[in-house]
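Next come the chains, spelled out residue by residue.
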Amino acid sequence: MLFSGKAKHRRRRTTRIVAFAGVTGAAIAVPLMATGSASAASTSTWDAVAQCESGGNWSINTGNGYYGGLQFSQSSWAAAGGTQYAPRADLATKDQQIATAERLLDMQGPGAWSCAGAGNLSNDGVDPGVNPNGGGQQTQERSSSDQSASRSEQRQAPKPQHTTPKPQHTTPKSTTGTVKTDTGITVPKGDGEYKVVKGDSLSEIAQKHHVSGGWNKLFELNKDIVKDADLIYPGQQLHLS
């Protein structure tokens, strides 16, 4: 159960008040307790109270105006000195919340929590042994959880699938050897089944040898050695299919 409206650190009637300095904004009035030894309760007691107040969630913030495992109102958190640790209780560690609760218990008594009975909260004088300045259990738990999650994500993260596209190369037909033309230039010879003779043209060769597709097909079949359809040279060997 979250804090009821009767919780003393939410609304408490008193005839004597003391202003706590150092609280941001207007000073907050809190009950003046009788002098004596400081109140204290064991960690297990505070755990029981938190279980009733917030389900044991020390970082809870539901937006109802009460924060953390012990459901501090903002004014109670500030009045009990919690702002030295964090702006709100849900942003503080478990140890810091318990340390602040110890001061609130000393100021207002067990009745400050509506779940005091569920946790058997009393001024039993037991030192909870918390360390509010040492990082606290909550921070350690979060860190451990974060690290575990990180390791888990690293283990489970699929390796990127890099697919290197294969280069699309059209392997040209063999251009073994060269032919020297009448003008003295050297051109690829090729290795086709038809040897060009003087006076040949692609159209004549295609027609003579019944090349399907005509000279265009013949040119396509031999473009590795024939760069211009109008220029073929004696000695070149063309593929007919």
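### Things to note about the overall build of the protein chain
So, step 1. For the protein chain, the count of helices and strands is six helices and eight strands.
So, step 2. Per-residue burial over the protein chain gives 37% buried out of 241 residues.
So, step 3. If you take every contact in the protein chain between residues at least 6 apart in sequence, the share linking residues at least 24 apart comes to 59%.
So, step 4. Within the structure as shown, the protein chain displays about 14,400 Å² of accessible surface, and the carbon and sulfur contribution to it stands at 50%.

### Side note on the side chain of Ser 76
So, step 1. Tracing the backbone through its elements, the reader meets Ser 76 in helix α2 (residues 74-79).
So, step 2. Accessibility expressed as a relative area gives 3% for Ser 76, which makes it buried.
So, step 3. Side chain to side chain, Ser 76 and Ser 73 meet in a polar contact 3.0 Å long.

### Concerning the nonpolar core
So, step 1. Trp 46, Leu 70, Phe 72, Leu 104, Trp 113 and Leu 121 are the most contacted members of the largest nonpolar core, which has 23 residues in total.
So, step 2. Contributing elements (two or more residues each) for this core: α1 (43-54) and α3 (94-108).
So, step 3. Top contributing element to this core by residue count: α3, with five residues.
So, step 4. Ala 206, Leu 218, Ile 225 and Leu 238 belong to the second largest nonpolar core, which has 13 residues in total.

### As for the environment of Glu 53
So, step 1. Mapped onto the elements, Glu 53 comes out in helix α1.
So, step 2. For Glu 53, a relative accessible area of 1% puts it in the buried group.
So, step 3. When the C-alpha atoms of Glu 53 and Leu 70 are compared, they prove to be 6.0 Å apart, with 17 residues separating the residues in sequence.
So, step 4. A polar side-chain atom of Glu 53 sits 3.4 Å from a polar atom in the side chain of Ser 114.

Reading the values: the criteria
- Residues numbered from 1 in each chain as written.
- Predicted model: local features only at pLDDT ≥ 70, side-chain atom pairs only at ≥ 80, totals over all residues.
- Heavy atoms only, no water.
- Helix = DSSP H or I, 4+ residues; strand = E, 2+ residues; numbered from the N terminus.
- Buried < 20%, exposed > 50% of the residue type's maximum accessible area, 1.4 Å probe, protein only.
- Contact = heavy atoms within 4.5 Å.
- Areas by Shrake-Rupley, 256 points an atom, 1.4 Å probe, with all protein chains shown as cover.
- Polar contact = N/O pair within 3.5 Å; in protein donor to acceptor, adjacent residues only side chain to side chain.
- Core = buried A, V, L, I, M, F, W, Y, C linked by side-chain atoms within 4.5 Å.

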